[in-house]
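Residue strings, one per chain:
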Amino acid sequence: MLLEERAGAVVLLTLNRPEARNALSPELMTALSHALRNAADDVGVRAVVMTGAGDKAFCAGMDLRAFTEARQSGGMENASFDQLVWFLRGEFPKPVVAAANGHAVAGGLELLLAADLVVAADHATFGIPEVKRGLFAAGGGTTLSARIPLAVALEMGLTGDAIDAARAHAVGLVNRVVPKELVLDVAIELASKVAANGPLGVQVTKRLLRDAALVDAERGWPNRADTEVVFNSEDAVEGAKAFIEKREPRWTGR
């Protein structure tokens, strides 16, 4: 589900659901939440690398089927996502390097937005396709315009279309683009270089740089009314049904 490895001061977290394109199930989100908390609390950890298993996807977002099954079976009782939300809101204190080994969409892109540096495989794509299902990117995807030019963020958010790695690099969404077989090695090398620096200075530098650049990013997070209106709408139900039935959705605006 989640693989954890340690190499000196660097922790490697691997989303390990390749059969589901590393989509976020309740179990995976809980495990990731706990691992991030542990990494934050461990004084010996100076940087984190996050990646996905395989070479098809970094993360395809939330696994709606797994969440539905968990709710029906009572499996949500042991789920805990508080620390993951904390991470997504940019409050994780230590540097995070994302190794985008494949496609990063929806919640997968939101994980990348919470990272500080991104190394992308040259075949990776990036997108927030939620509007195609009658929803919106409620886990931080709507802060995308704080990271890349507004025109590009609006095109991605309103069309739901993805951009490729070259375009992502050109607009500043990712730091480096490399062949897929090198993405993890380059990410670990980058994290190790960061971890070799003074940890207190690194953490303050991260916080101040992010605060300076993302001063209005908090305004990009939805309020409860936004979420309830959209996610409880008839269109949200229709979007999910259309996706499962492999047909075009019939929107009503309700």
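Residues numbered from 1 in each chain as written. Predicted model: local features only at pLDDT ≥ 70, side-chain atom pairs only at ≥ 80, totals over all residues. Heavy atoms only, no water.

Asks: Could you clarify how one ought to interpret the sheet that holds strand β4 (residues 57-59) in this entry?
Replies: Paired through backbone hydrogen bonds, the strands of a sheet run either parallel or antiparallel to each other. If you walk across this open sheet you meet the 4 strands as β4-β6-β8-β9, and the pairing is mixed. With one partner strand each, in any of the chains shown, β4 and β9 (163-164) form the two edges of the open sheet. Across 2 bridges, the pairing between β4 and strand β6 (residues 103-105) is parallel. Looking at the pairing, A57 lines up with H103 of β6. The sheet strands contacting helix α4 (residues 107-114) are β4, β6 and β8 (125-127), and the helix crosses β6 at an angle near 95 degrees. (Pairing = 2+ DSSP bridges. Helix = DSSP H or I, 4+ residues; strand = E, 2+ residues; numbered from the N terminus. Contact = heavy atoms within 4.5 Å. Axes fitted to C-alpha atoms, helices over the stretch in contact; angles between N-to-C directions.)

Asks: Sorry if this is basic, but what is going on with helix α8 (residues 199-213) here?
Replies: Every α-helical turn comprises 3.6 residues, leaving residues that sit three or four positions apart pointing alike. For α8, spanning 15 residues, the distance from its first C-alpha to its last is 21 Å, which sits close to the expected 21 Å at 1.5 Å a residue. Of the positions making up α8, those classed as buried are V202, K206 and R210. Projected down its long axis, α8 shows its buried positions confined to an angular sector of 55 degrees, all on one face. In α8, the exposed residues that point more than 90 degrees away from the buried face are L200 and A212. Close packing links the buried residues of α8 with α4 and α7 (183-195). (Expected span 1.5 Å × (residues − 1). Buried < 20%, exposed > 50% of the residue type's maximum accessible area, 1.4 Å probe, protein only. Arc of directions from axis to C-beta.)

Asks: Would you take a moment to explain the pairing of strand β3 (residues 47-52) for this structure?
Replies: Across a regular strand the side chains alternate sides, sitting on one face of the sheet and then on the other. Burial analysis of β3 places 6 of its 6 residues in the buried class, the great majority of the element. Alternating residues of β3 divide into A47, V49 and T51 and V48, M50 and G52, and every residue in both groups is buried. Here strand β2 (residues 10-15) pairs with β3 via 6 bridges, running parallel. Bridged to T14 within β3 is T51. Each parallel crossover has a hand, and for β2 linked through helix α1 (residues 26-41) to β3 it is right-handed. Note that β3 and strand β5 (residues 96-100) share 4 bridges and pair parallel. Looking at the pairing, V48 lines up with V96 of β5. (Right-handed = clockwise from strand over helix to strand, strands pointing away.)

Asks: Would you take a moment to explain the pattern of salt bridges for this structure?
Replies: Where charged atoms from two side chains of opposite charge come close, those side chains can pair. Within this structure, the stated rule accounts for 10 salt bridges. Residues D63 and R17 are paired through a salt bridge, measuring 3.0 Å at the closest nitrogen-oxygen approach. With a gap of 46 residues between them, D63 in the loop between β4 and α2 (64-73) and R17 in the loop between β2 and α1 connect regions that are remote in the sequence. Considered together, D63 and R17 belong to a single accessibility category, that of buried residues. Put simply, D116, K206 and R210 are held in one network by salt bridges that share partners. (Salt bridge = Lys/Arg side-chain N within 4 Å of Asp/Glu carboxyl O.)

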